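Descriptive structure summary
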Amino acid sequence: MSLKFALVGNPNSGKTTLFNEITGSTQYVGNWPGVTIEKKEGRVKRLQEDVRIVDLPGIYSLSPYSMEEIVARDFILDEKPDVIINIVDATNIERNLYLTTQVVELGIPVVVALNMMDAVEARGDRIDVRKLSVELKLPVIPMSASKGQGVTEIVDAALEAADGTPGKSEDVVSAVYDEAIAGYIFRVADEIAGNSAGYGRQNSCWTAIKLLEADTGVLKKVNLAEDDLQKLTEYRNILEKEYDNDMETIIADNRYRYVTGITGITVRKKAPGHHLTVSDKIDRVVTNRLLAIPLFFGVMLLIFRITFGTVGSLITGKVGNLIKGTFTGWVAGLLKEAGTSDWLNALILNGIIGGVGSVVVFIPQLMILFFFLSLLEDTGYMARGAFVMDRFLRKLGLSGKSFIPMLMGFGCSVPAVMSTRTLENEKDRRLTIILTPFMSCSARLPVYLMFAGAFFSRNQDLVVFSIYILGIVVAVLSGILLKNTVFKGQTAPFVMELPPYRLPTLKSLMIHMWERLKDFLKRAGTVIFAAAAIIWMLQSFNFSFHMVEDPGQSILGAVGGLIAPIFKPAGFGDWKSAVALITGFVAKESVVSTMGILHGVAGSGDNAALGVALRSVFTPLSAYAFMAFTLLYLPCMAAFATIRKELGSWKWTFFTVGYQTGTAWIAAFIIYQAGRLAGLG
Amino acid sequence: MSKSLRELKPGEKAVVVKVCGEGAVKRRLVDMGITKGVEVFVRKVAPLGDPIEINLRGYELTFRKSEAANILVECEAE
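Here's a quick rundown of the structure.

Cut-offs and rules
Residues numbered from 1 in each chain as written. Chains lettered and ligands numbered in written order. Predicted model: local features only at pLDDT ≥ 70, side-chain atom pairs only at ≥ 80, totals over all residues. Heavy atoms only, no water. Pairing = 2+ DSSP bridges. Helix = DSSP H or I, 4+ residues; strand = E, 2+ residues; numbered from the N terminus. Axes fitted to C-alpha atoms, helices over the stretch in contact; angles between N-to-C directions. Contact = heavy atoms within 4.5 Å. Patch = residues over 30% accessible without salt bridge, like charges linked within 9 Å, V, L, I, M, F, W, Y side chains within 5 Å. Areas by Shrake-Rupley, 256 points an atom, 1.4 Å probe, with all protein chains shown as cover. Salt bridge = Lys/Arg side-chain N within 4 Å of Asp/Glu carboxyl O. Buried < 20%, exposed > 50% of the residue type's maximum accessible area, 1.4 Å probe, protein only. Phe/Tyr/Trp six-rings, centres within 6.5 Å; stacked < 30°, edge-to-face > 60°. Lys NZ or Arg CZ within 6 Å of the ring centre and 35° of its normal. Polar contact = N/O pair within 3.5 Å; in protein donor to acceptor, adjacent residues only side chain to side chain. Lys, Arg positive; Asp, Glu negative; His and termini not counted.

Take the sheet that holds strand S2 (residues 28-31) of chain A next. Residue and element names in this part refer to chain A. Pairing in this open sheet of 7 strands is mixed, and the strands run S2-S3-S4-S1-S5-S6-S8 from one edge to the other. Here the strands that pair on one side only, and so sit at the sheet edges, are S2 and strand S8 (140-142). Here the average twist between neighbouring strands, direction ignored, is 25°. Of the pairings in the sheet, the one linking strand S6 (residues 110-115) to S8 comprises 3 bridges and is parallel in character. Looking at the pairing, Val112 lines up with Val140 of S8.

An order of S10(A)-S5(B)-S4(B)-S3(B)-S2(B)-S6(B)-S1(B) is seen for the 7 strands of this open sheet, with the pairing classed as antiparallel. Each edge of the sheet is formed by a strand with only one pairing partner; in this case those strands are strand S10 (495-498) of chain A together with strand S1 (2-4) of chain B. Strand-to-strand twist of the sheet, defined as the mean angle between neighbouring strand axes without regard to direction, takes the value 40°. For strand S3 (residues 39-45) of chain B and strand S4 (residues 52-56) of chain B, the ladder comprises 5 bridges, and the chain directions are antiparallel. What sits directly across from Val40 of chain B, in S4 of chain B, is Leu56 of chain B. Packed on one face of the sheet, helix H1 (residues 23-31) of chain B meets S10 of chain A together with strand S2 (13-19), strand S5 (59-63) and strand S6 (71-75) of chain B and runs near 135° to S2 of chain B.

This next bit is on a nonpolar patch on the surface. All names here are of chain A. Nonpolar side chains collect at one region of the surface, where Phe465, Ile469, Ile472, Val473, Leu477 and Ile480 lie side by side and expose about 510 Å² of accessible area between them. By secondary structure assignment, the location of Ile469 is in helix H23 (residues 460-484). We classify Ile469 as partly exposed; its relative accessible area is 35%.

This part takes up the pairing of S6 of chain B. All names here are of chain B. As paired strands, S1 and S6 are joined by 3 bridges and run antiparallel to one another. Residue pairing in the sheet places Ser4 in a bridge with Leu72 of S6. Both S2 and S6 contribute to a ladder of 5 bridges, which runs antiparallel. By the bridge assignment, Lys18 is partnered in S6 with Leu72.

Turning our attention to the pattern of salt bridges. Residues and elements named next belong to chain A. This model, assessed by the stated rule, comprises 31 salt bridges over all chains. Measuring nitrogen to oxygen at the nearest pair gives 2.6 Å for the salt bridge that ties Arg73 to Asp215. With Arg73 in helix H2 (residues 67-79) and Asp215 in the loop between helix H9 (204-212) and helix H10 (216-222), the pair connects residues that are 142 residues apart, well separated along the chain. Residues Arg73 and Asp215 agree in their burial class; the two are buried. Note that Glu191 and Arg187 form a salt bridge whose closest N and O atoms lie 3.7 Å from each other. Pair noted here: Glu191 and Arg187 are both in helix H8 (residues 179-191), with a separation of 4 residues, about one helical turn.

What follows concerns the environment of Gly557 of chain A. Residue and element names in this part refer to chain A. Position of Gly557 relative to the elements: it lies in helix H25 (residues 555-567). Here Gly557 falls in the buried class, since its relative accessible area comes to 5%. A C-alpha to C-alpha distance of 6.5 Å links Gly557 and Val579, two positions 22 residues apart in sequence.

This part covers the packing of aromatic side chains. All names here are of chain A. As enumerated under the stated definition, the model contains 30 aromatic pairs over all chains in all. Ring plane angle 75° and centroid distance 5.6 Å describe the contact between Phe585 and Phe640, whose orientation is recorded as edge-to-face. One end of the pair, Phe585, is in the loop between helix H26 (575-583) and helix H27 (590-598); the other, Phe640, is in helix H30 (residues 637-647), with 55 residues separating them in the sequence. Between the aromatic rings of Trp650 and Phe654, the centroid separation amounts to 5.7 Å while the plane-to-plane angle is 25°, which identifies the pairing as stacked. Residue Trp650 and its partner Phe654 are both found in helix H31 (residues 650-677); the two are separated by 4 residues, about one turn of the helix. Its relative accessible area of 44% is what places Trp650 among the partly exposed residues. Put simply, the rings of Phe451, Phe455, Phe567, Phe572, Phe618, Phe626, Phe629 and Tyr633 pair up and form one aromatic cluster. Against the face of Tyr633 rests Lys588, its NZ or CZ located 4.3 Å from the ring centre.

Take the interface of chain B and chain A next. Each partner contributes to the interface: chain B provides 37 residues, whereas chain A provides 51 residues. Run the count over chain B and chain A and you get 7 salt bridges. For the salt bridge of Lys26 of chain B with Asp246 of chain A, the shortest nitrogen-to-oxygen distance reads 2.4 Å. Taken together, chain B and chain A are joined by 20 residue pairs in polar contact (both at pLDDT 80 or more). Looking at the side of chain B that touches chain A, the elements that each hand over two or more residues are S2, H1, S3, S4 and S5 of chain B. Looking at which element gives the most residues to the side of chain B that touches chain A, the answer is H1 of chain B, with 9 residues.

This part is about the pairing of S4 of chain B. All names here are of chain B. Burial runs high along S4: 5 of the 5 residues are buried. Side chains Ile52, Ile54 and Leu56 of S4 all project onto a buried face; the interleaved residues Glu53 and Asn55 project onto the opposite face, where all are buried too. Counted between consecutive antiparallel strands, the loop separating S3 from S4 contains 6 residues, among which Gly49 sits at a positive phi close to 100°.

Residues and elements named next belong to chain A. Looking at the secondary structure, you find Glu68 in helix H2. There is no salt bridge for the buried Glu68, and the closest opposite charge comes from Arg429, which lies 6.0 Å off by N-O distance. Not counting the four nearest positions on each side in its chain, Glu68 is found in contact with Ile37, Pro57, Gly58, Ile59 and Glu424.

Encoded structure:
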């Protein structure tokens, strides 16, 4: 007998932790069809029988206004799980139970997992769990998912509920709503909802309530006749007049009143409502008027220091040696034994291992960034970032929720783009993904350092700093431009909870980090592999498919020569620069290494020689224009693949990449031409 | 005496009278617990002046002043 459980609850209620505890490694992550929301499924790992559990998106309500809510309710109504496990954060019980009242109306057995009981006890509050269960007419299992307590009990309760019958939703309606309202709900359920093709009898009450609320999703599905619609409008008008409010608010009022009534007799708080909790005390510093912003930049700086500083580069160095030396040597040995042809050897050793290797070498640092990103999210720090920076980000046409993603972009676009998942608004997410790469990632730095060193030796720091500022300026201007054109529309409302600070368990951090890595490897893996192979082939073969030593004679060289004139007005119209920029798609550091190869000074790691070579091709002005182009144009293939995954469409991915490259060209053009006019050479 | 939540300063308490406006924003505020009769406490204002943070029903909620302007409250005598 195969059972299906659905896990429903507020964001930040510990749902993910509970899901991980129940499913362990049996879980797999996919996507809900048609939307870019993650779908997590798994098996209840300790049981022999096939019991599956689906983790529905964290939601506050079952309204038709957000993708998460629609996905959750559609799943429950269409897939009809056997039991709903409703996870309730006991430290935030009123708002959590509000969702419970809605879930119960769906006609499926519900068990309540009352989570974070340890935090409740720590605060000195008391909850009469048995009384709560009686009042709610639902099994209530106290638990602490992060401590692994209560997990077995909740699964047992769910199994029991699967065998039993759900409470009658009519009883629920009578308990929750005013008599007058309940009366109309029953009327609609009998006269209209019960007959409708869309839903069955068991949730006719929920359907009735939604119809009275004029819920667009339900109306569409149920497809009522004209006179039924008229009856609905009539009933709605009567109630709205009597209660002097719109139907949705009337229903919500009733639900909250019911909830407060129950919590009033089952929850005893030690301290008055707005008493300062530990989190609030921490926030005195974190969202402090003077300290907040410096603190955020400080934290980010620390993260980048650890990732790219001594620790990070040490690890990278070791991995690099491992790949270039040991691994390459081993594969070369295998190939020799297999007796494969020279060009295949070169493709595998130089093209694939070389190209893919440049990304693999970066993976340890990427993992460190993923780790910190998970830490920022799971502790609740990200929400504070959004709160503090919202006002500023609104000028870019975004909201505070884009702050941490964009700040991450200064390290690497890959985790930055991944973290835009927390943005519920589609437009905001797209715009953030387009703007984030303008926050100059760490891989572009070697290019700046090279050119700044060669052309602005006395003012290196200032010049590099100015490039970073340029990135931010372009992002701001782009935000304003795009918000008024392509992404025109209402700014999404900013209504956001500040969850209490929580110390995530090492286990959940690792799971989080590992999931992101798997994600990256799966998606970016194929793109990176293909791109590395293709670019290598283009630079190693000429048009008659013979291998060439000098990349200048390869296909890529020819392509470079072809597009080089495009860059002439921007100041760097030579084919070597064009080729270098193309290889920058593999990895931004390649721009420097390719320049080295093409100018014949490769391999020595001798920047001075390259500097000399560059000075014969560039002027300080054109060098700066080149740096600006490198700053703004399309990101590396790893970021490209991540962007494609997060945007969910090729159309938007190409738009993003096209916009970035176009902006890069325009910026370089303006810099070069304006500089010429100003007589800067 | 009715005023909007926007006019309140950090440290002030009030009881919600009505949520104006319509559509998704209003629904969101109501879903988060801003209903008639609930007591709210203004915790603080963000460093850049917006959004504001309030405490209600035992948790912390933030939203913009433009959204706060739609929430009518009645001040309690402290």
